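# Chain and residue survey
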Amino acid sequence: MQSLIVTLDGPAGSGKSTVARFLAKRLGLEFLDTGAMYRGLTAKALYRGIDPATEPHAVIELARNTVMRFDWYDDPPRLFLGNLDVTDRIRDRDVTSRVSEVAALSGVRHVLVDIQRRIGEEHPRLVTEGRDQGSVVFPSAQVKFYLDASPTVRAKRRAKQIQDAGRKADLQLIRKQIIERDHKDSTRVESPLICPEDAQRIDTSDMTLDQVVEHLETLVRDKMNMPTDG
Ligand code: DC
């Protein structure tokens, strides 16, 4: 079967994780959540008592010595470190608050990018999501998207997630953090957040999730000459 890699890059809050999952389903492709891999390593570092800020080399060593795999029989695929299922653990607040430090380590990125490329070889019909998928990991992907949304819209989406989880959210603070993080992400040396030249930029600010998924599905089908029934 012909290989088809669809990449979704973009900042946090652009909706790329949810969009990627639904898009994969609509197109009959598999789904790779690369953020989960950075989260998995962060969870393991915290479990081992390693502080990513002061012990970066220990985190990189841990990345090299960790067997990370997805169970593709589940939908979405579950993440395992060795035999340990960390799918739920990686969404905890302590992991979320430390993961960007882990993701900024170039030694970690090299290890995880290698694993992602291997997954791409083993699962060549894939929607993959993460900030560097079209720009770094799969430069020759057949279809590339860059999802974006205004800081205000992204802050509202994030606040809703927090409120849905039963916690209080400060919208202004979240918006300020998003703007700061965008700046940090787009100016960092290792895999800065950029829109790949050959990616289609989609501003999702005024679109519902369904509208985004449908729009991307149409663009992929048109480009790849895929009939609507799969
Ligand atoms: O999308 P997410 O929140 O699960 O991502 C977790 C963290 O990992 C976030 O700080 C962005 C980072 N990340 C990355 O640097 N490169 C990727 N390909 C995916 C995620």
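In what follows, the structure referred to is the one given above.
Below you will find a few notes about this structure. Computed from a prediction, not measured in an experiment: that's the story for all the values here.

Thresholds applied
- Residues numbered from 1 in each chain as written.
- Predicted model: local features only at pLDDT ≥ 70, side-chain atom pairs only at ≥ 80, totals over all residues.
- Heavy atoms only, no water.
- Salt bridge = Lys/Arg side-chain N within 4 Å of Asp/Glu carboxyl O.
- Helix = DSSP H or I, 4+ residues; strand = E, 2+ residues; numbered from the N terminus.
- Buried < 20%, exposed > 50% of the residue type's maximum accessible area, 1.4 Å probe, protein only.
- Pairing = 2+ DSSP bridges.
- Axes fitted to C-alpha atoms, helices over the stretch in contact; angles between N-to-C directions.
- Contact = heavy atoms within 4.5 Å.
- Parallel < 35°, antiparallel > 145°, perpendicular 65-115°, else oblique.
- Left-handed = near helix turned anticlockwise from the far one by under 90°.
- Nonpolar A, V, L, I, M, F, W, Y, C, P; charged D, E, K, R; others polar.
- Near = heavy atom within 4 Å.
- Polar contact = N/O pair within 3.5 Å; in protein donor to acceptor, adjacent residues only side chain to side chain.
- Areas by Shrake-Rupley, 256 points an atom, 1.4 Å probe, with all protein chains shown as cover.

Once that is clear, we can look at the pattern of salt bridges. On inspection of all chains with the given rule, the structure shows 21 salt bridges. A salt bridge links Lys-25 to Asp-75; its shortest N-O distance comes to 2.9 Å. One end of the pair, Lys-25, is in helix α1 (residues 16-27); the other, Asp-75, is in the loop between β3 (68-71) and β4 (78-81), and 50 residues separate them in sequence. Summarising the burial analysis for this pair, Lys-25 and Asp-75 share the class exposed. In this structure, Asp-88 engages Arg-78 in a salt bridge whose closest nitrogen and oxygen atoms are separated by 3.3 Å. Pair noted here: Asp-88 is in the loop between β5 (84-85) and α4 (93-103) and Arg-78 is in strand β4, with a separation of ten residues, a long-range link. Its relative accessible area of 54% is what places Asp-88 among the exposed residues. Using a relative accessible area of 25% as the deciding quantity, one classes Arg-78 as partly exposed. Via salt bridges that share partners, Arg-26, Glu-214, Glu-217 and Arg-221 belong to a single interconnected network.

A separate point is the sheet that holds strand β8 (residues 200-203). Strand order in this open sheet of five strands is β2-β6-β1-β7-β8, and the pairing throughout is parallel. With partners counted over all chains shown, the strands left at the sheet margins are β2 (30-33) and β8, one partner each. Between one strand and the next, the sheet's axes are offset by a mean angle of 20°, whatever the strand orientation. Bridging between strand β7 (residues 143-148) and β8 involves four bridges; their strand directions are parallel. Counted as the bridge partner of Tyr-146 is Arg-201 from β8. On the sheet, helix α9 (residues 209-224) packs against β1 (4-9), β7 and β8 and is oriented at approximately 160° with respect to β7.

A word on the side chain of Thr-42. Mapped onto the elements of the fold, Thr-42 is located in helix α2 (residues 34-47). Setting aside anything within four residues of it in sequence, one finds Thr-42 in contact with Val-95, Arg-98, Val-99 and Val-102.

Two elements in contact, α2 and helix α5 (residues 106-122), have axes separated by 11 Å at closest approach and are oriented at 135°. What the angle tells us is that α2 and α5 run oblique. In the crossing of α2 with α5, the sense of the turn from one axis to the other is right-handed. Taking contact as the criterion, the partners of Thr-34, Met-37, Tyr-38 and Leu-41 in α2 are, on α5, Val-108, Arg-109, Leu-112, Val-113, Ile-115 and Gln-116. Considering only residue class, the contact of α2 with α5 consists of seven nonpolar, two polar and one charged.

Let us look at the site of the ligand. Around the ligand there are 14 residues in total, and Thr-34, Arg-39, Arg-109, Arg-131 and Asp-132 lie nearest to it. Between the ligand and the protein, one listed contact pairs an oxygen atom with a side-chain N or O atom of Arg-39 at 2.7 Å. One of the side-chain N or O atoms of Arg-109 is found 2.8 Å from an oxygen atom in the ligand. Here the ligand loses 90% of its free accessible area of 450 Å² to cover by the protein chains. Mapped onto the shell around the ligand, the elements with two or more residues apiece are α2 and α4. Per-element accounting of the shell around the ligand gives the leading share, four residues, to α2. Along the lines of polarity and charge, the residues of the shell around the ligand split into three nonpolar, five polar and six charged.

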